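Single-letter residue listing:
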Amino acid sequence: EAHEVLANINEHLPLVHATPADQASLVTLRRSFHTLKGSGRMVGLTDLGEAAWAVEQVLNGWLHETRAATPALLEVLDFAADLFKVWVVQLESGGGSHFDDAKLVRLCQALGGAEDAEAEIAVPPAPTFEEPAPEEVTTEEPTPEMAEEFQPSAEVVSFPAPPPVRVGDVDVAP
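Conventions adopted
Residues numbered from 1 in each chain as written. Predicted model: local features only at pLDDT ≥ 70, side-chain atom pairs only at ≥ 80, totals over all residues. Heavy atoms only, no water. Phe/Tyr/Trp six-rings, centres within 6.5 Å; stacked < 30°, edge-to-face > 60°. Helix = DSSP H or I, 4+ residues; strand = E, 2+ residues; numbered from the N terminus. Buried < 20%, exposed > 50% of the residue type's maximum accessible area, 1.4 Å probe, protein only. 1 Å grid on protein atoms, 1.4 Å probe; cavity = no way out; pocket = protein on both sides within 12 Å on 5 of 7 lines; lining within 4 Å. Points joined across faces, edges and corners; volume = space filled by probe spheres on them. Nonpolar A, V, L, I, M, F, W, Y, C, P; charged D, E, K, R; others polar. Axes fitted to C-alpha atoms, helices over the stretch in contact; angles between N-to-C directions. Parallel < 35°, antiparallel > 145°, perpendicular 65-115°, else oblique. Left-handed = near helix turned anticlockwise from the far one by under 90°. Contact = heavy atoms within 4.5 Å. Patch = residues over 30% accessible without salt bridge, like charges linked within 9 Å, V, L, I, M, F, W, Y side chains within 5 Å. Areas by Shrake-Rupley, 256 points an atom, 1.4 Å probe, with all protein chains shown as cover. Salt bridge = Lys/Arg side-chain N within 4 Å of Asp/Glu carboxyl O.

A.B. asks: Would you explain the packing of aromatic side chains in this entry?
C.D. replies: Within a pair of aromatic rings, the relevant descriptors are the distance that separates the centres and the angle that separates the planes. All told, the structure shown has two aromatic pairs when counted by the stated rule. Arranged with centres 5.8 Å apart and planes meeting at 15°, the rings of Phe-84 and Trp-87 form a pair that is stacked. A residue pair is termed a helical-turn pair when its members lie 3 or 4 positions apart in one helix, as Phe-84 and Trp-87 do in helix H4 (residues 71-92) at three residues. This pair shows no difference in class: Phe-84 is buried, exactly as Trp-87 is. Among the aromatic residues, ring-to-ring pairing joins Phe-33, Phe-84 and Trp-87 into one connected group.

This is the structure in structure tokens:
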């Protein structure tokens, strides 16, 4: 689902860049971040859900005021799109669910808090994620010492059979 949502964001973000007053594309972007929020929260990815919620809230404010996208908003949306793309790659590669979303949340808070905050926002470069190198597997010929180490115990433990269960006039094995 994340790939579909990210594809939707990647389709509509250039439209908003080309036509900043395109409210329909801003609505689609808001819905996309809303979906990321809900899906992230549903599967226990709280940080992902909260980061998406921060972007959704900024877009809610923009749409409520029927504002055209500004360069500051576009930079934050570009940063968010890149961040979620890298985050999804990290999740798919087993790299853990935590990702540093603090910068995105701060940027969204600054954009959502005051109109004059736009001049003060400096968007950081997009995050990157490098997959860890695969671990080398070494095969070692078993030695007699290894074989002794993994010998099963000769001691056999037995437990008495539990008594039968009576159902009506019939005894049934448990």
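A.B. asks: In this structure, what is going on with the layout of surface pockets? I would like to understand it.
C.D. replies: With a probe scaled to a water molecule rolled over the atoms, the places where space remains empty come into view. Space inside the largest pocket adds up to approximately 190 Å³. Lining the largest pocket are 13 residues; nearest its centre among them are Ala-2, Leu-36, Ser-39, Leu-45 and Val-88. Elements with a contribution of two residues or more to the lining of the largest pocket: helix H1 (2-18), helix H2 (23-42) and H4. A total of four residues in the lining of the largest pocket trace back to one element, the largest contributor, which is H2. When the residues that make up the lining of the largest pocket are grouped by side-chain class, the tally is eight nonpolar, three polar and two charged.

A.B. asks: Just checking my understanding: could you explain the packing of H1 against H4 for this structure?
C.D. replies: Packed helices, taken two at a time, are described by the angle between their axes plus the distance between the axes. Between H1 and H4, the shortest axis-to-axis distance is 11 Å and the interhelical angle comes to 160°. By the angle class used here, H1 and H4 are roughly antiparallel. The interaxial crossing formed by H1 with H4 has left-handed handedness. Every residue of H4 that contacts H1 at Ala-2, His-3, Leu-6, Ile-9, Asn-10, Leu-13, Val-16 and His-17 is listed here: Leu-74, Leu-77, Asp-78, Ala-81, Phe-84, Lys-85, Val-88 and Glu-92. Residues that form the contact of H1 with H4 fall into these classes: 10 nonpolar, three polar and three charged.

A.B. asks: What is the right way to look at a nonpolar patch on the surface in this model?
C.D. replies: Together, Val-165, Val-167, Val-170 and Val-172 line one region of the surface with nonpolar side chains, adding up to about 310 Å² of accessible area. Sorting the residues of the nonpolar patch by element identifies strand E1 (165-167) and strand E2 (170-172) as the ones contributing at least two each. Along the chain, Val-167 turns up in strand E1.

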